[in-house]
Each structure stands twice: as C-alpha cells, then as structure tokens.
Amino acid sequence: MRKVIGIGETILDVIFKNDQPIGAVPGGSVFNGLISLGRAGVNASFISETGNDRIGRKIIKFMEDNHVDASNINVYPEAKSPVSLAFLNDQNDAEYIFYKDHPHDRLDFIFPEIQPDDIVMYGSFYAVNPVIRPQMFAFLEHAHRQGAILYYDVNFRASHANEVMKVTPNILENLEFADIVRGSKEDFEVMYNKSDADIVYRSQISFYCKNFIYTQGAEPLVLKSVGGLSKEYPVAQTETVSTIGAGDNFNAGFVFGLVKYGITREMLETGVSEELWDQVIDEAQQFAANVCKSINNSVDQTFADGKKRELEACMKEMEENN
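Residues numbered from 1 in each chain as written. Predicted model: local features only at pLDDT ≥ 70, side-chain atom pairs only at ≥ 80, totals over all residues. Heavy atoms only, no water.

## A short note on the pattern of salt bridges
In step 1: A full pass over the atoms with the stated rule returns 14 salt bridges.
In step 2: Its salt-bridge partner being lysine 224, residue aspartate 198 comes within 2.2 Å of it at the nearest N-O pair. Residue aspartate 198 is found in helix H6 (residues 197–205), and its partner lysine 224 is found in strand E12 (residues 219–225); the two are separated by 26 residues along the sequence.
In step 3: Judged by its relative accessible area of 34%, aspartate 198 falls in the partly exposed class.
In step 4: For lysine 231, the salt bridge is made with aspartate 278, and the minimal N-O distance between the two is 2.9 Å. Taken together, the residues span a long stretch of sequence, with lysine 231 in strand E13 (residues 229–233) and aspartate 278 in helix H9 (residues 274–291) at a distance of 47 residues.
In step 5: Via salt bridges that share partners, Lys260, Glu283, Lys307 and Glu310 belong to a single interconnected network. (Salt bridge = Lys/Arg side-chain N within 4 Å of Asp/Glu carboxyl O. Helix = DSSP H or I, 4+ residues; strand = E, 2+ residues; numbered from the N terminus. Buried < 20%, exposed > 50% of the residue type's maximum accessible area, 1.4 Å probe, protein only.)

## Concerning the packing of helix H1 (residues 29–39) against helix H7 (residues 246–260)
In step 1: Contact pair H1 / H7: the axes reach a minimum separation of 8 Å and the direction vectors enclose 45°. Judged on the interaxial angle alone, H7 and H1 are oblique. As for the relative orientation of H1 and H7, their crossing is right-handed in sense. Residues Ser29, Asn32, Gly33, Ser36 and Leu37 of H1 lie in contact with H7, whose contacting residues are Asp248, Asn249, Ala252, Val255 and Phe256.
In step 2: When its residues are assigned to classes, the contact of H1 with H7 shows four nonpolar, five polar and one charged. (Axes fitted to C-alpha atoms, helices over the stretch in contact; angles between N-to-C directions. Parallel < 35°, antiparallel > 145°, perpendicular 65-115°, else oblique. Left-handed = near helix turned anticlockwise from the far one by under 90°. Contact = heavy atoms within 4.5 Å. Nonpolar A, V, L, I, M, F, W, Y, C, P; charged D, E, K, R; others polar.)

## Some words on H9
In step 1: With 18 residues, H9 extends 26 Å from end C-alpha to end C-alpha; this agrees with the ideal 26 Å at 1.5 Å per step.
In step 2: As for H9, its buried residues are in contact with H1, E12, E13, H7, helix H8 (265–270) and helix H10 (301–321). (Expected span 1.5 Å × (residues − 1).)

## Some points on the nonpolar core
In step 1: If you look at the biggest cluster of nonpolar residues, it comprises 54 residues, and the most contacted ones within it are Met121, Phe250 and Phe254.
In step 2: Among the nonpolar cores identified, the runner-up in size contains 40 residues, and Ile114, Ala127, Ala197 and Val200 belong to it. (Core = buried A, V, L, I, M, F, W, Y, C linked by side-chain atoms within 4.5 Å.)

## Considerations on the sheet that holds strand E7 (residues 94–99)
In step 1: Taken in spatial order, the four strands make up an open sheet running E3-E2-E6-E7, and their pairing is mixed. Of all the strands in the sheet, just strand E3 (20–27) and E7 have a single pairing partner and so form its edges. Averaged over all pairs of adjacent strands, the angle between strand axes in this sheet comes to 20°, irrespective of strand direction.
In step 2: Sheet analysis places strand E6 (residues 83–88) next to E7, joined by six bridges and oriented antiparallel. Note that in E7 the partner of valine 83 across the bridge is tyrosine 99.
In step 3: Seen against the sheet, helix H2 (residues 54–65) touches strand E2 (11–17), E3 and E6 and runs at an angle of roughly 95° to E2. (Pairing = 2+ DSSP bridges.)

Okay, structure coming up:
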C-alpha cells in the first residue's frame, strides 16, 4: 500500500473550557492528521522532533499505539517538548498560547524511502520556519523528485502575521512543490489581506499549483482544479465539542480519499473527474465532522475501524481489477 509521510511539529495540547483544564492530548497540525490515518489503516509515518522528557515519551508511545511509524522522530536529550494551551470559547473554537524551547529547532533526520504516488503532508509555520528551512526544502525536493504527491496545508496563524514578509520566499517554494494546496479564509486574510476564493486562487495560487481547496469554517468550501473545475461544497452543520482538529482531519480525510480511490500524481496533473473529487471531499468532510465531536485531536476508533474496512475493500477491488 502507498505510504503517507507527514513532517511537522509535535506538541502537547492542554485544553481549557471556562478557564479550567479539561484534557491533555498529543497534537501538532500534521501530527493530528497522521494519527487519524494510522488509526484508519493507512501506512503512515511522521518526521519530527521531541525532547527527552515525559511529554516526548508520551507522544512517541501515542504514535506507536496508533500505528504511525515513529522511527524518524529525533529526540533531543537537553530539550523540553513543546506545550500549547488551547482555550475553547462558547463556539468551541480555540485560542492558543504556545510554550516552546526555541533554541532546539534543528530537525536532523534521514530521508525515509519514498515511492511514486506516496503522499507527503506538510504545512503550518513549521513548513516555512527559517531555522529549519534547509532541511525542509531538501526533503520536499527529494519527495518531489521521487514522484510523491505533495499536500500543503498553508495553516498560517495570526500569531505569525508580523513574519509574513520574512517567510514569503519559503511560502512560494512550498506552493511550487505542492500538487494540492489547502488553506482557510483566515490564512489568506493574514497572509495576503484577501478573503475571496477566486481572487486568492487567481492572484496567489494558480501560477504555482492548480489544485486548491479553500475552506471557510461553517461556510461552503471551494475546490479549484486542473481543467478549470470550480465547485462549492456545503459544510454539514454538526454539534461541536471542540474544533481544534477540524482542519487537520479534513486534510487526513482528503489524503485518505486519494489513497482509497487510487488517485495518482499523474491524474492530479492531467485532471481528476468531478465525481472523484466529490468522493474525496466527502471523505475529508466525514473526518472533520467526526473529530469535532470530542476534545481529541484525531478521529475516534469506531469511525477509524469503519474507514479501515472501506479501505481494505477498495484495495482488494483494485488488485482484482489489475
């Protein structure tokens, strides 16, 4: 089966409601999606770093328990693992405070084996951080050369608004490597002061990458793709406990859909049918809706078990057809 390789930060999210802690879960933007994919039976591995402390050990064990390969996690003996405080408001959206031991951003790792049509997920400030840019660039370039599909979640938070100019060259390189770009309305307001999907796509994205997903919370999401396809998808209204992992799990569901329906890099370059896009977006929405029903950052095991059975059935069908 194809592999999904994520690269990003690990963090412990301590979640507050009414200013009282209600839970602590391992997290990180790309990490959350990889955990969901591991639970759903996808061959998943993660490249990151932790400190050699109780939190770091908890995060690595959590990955292993959820079938995500942790062999590319670099453990720094003298560093503390990062922690974030997530304060949920009345709509269960989170406001964050991050605590990070910044001098230890180094990212030393050996490139994992990458086959054509494996999928690499990257994003957030981690993907543009100047301190680890040489390693990030080298890895993305290697993955692209090996024929992988590169999925870039922009995920640019307002807390980094004052650094947009400094990291713009890195953002442009990331867009250029990407086969699919996903970003939220908030991301593009912070980065470009633009909030219209068509304008963002035409002025900032399409020159670099033709496949684009624009999400805007509970409002319809917009898909733009090769061949001029442009389509809106309504977002189902769901009761939310926490929206912390919604975007991360939208990414996971989208990537799950690429694997489940056998979408290759060549198909992304020449044009995927509207019917296939509908199915992939549906997977993305299912994953995102599920994660909002709890304070956890990844889909629940019952949902994941159902997805695992679906994936196995699809893989078997593809083998028989070949």
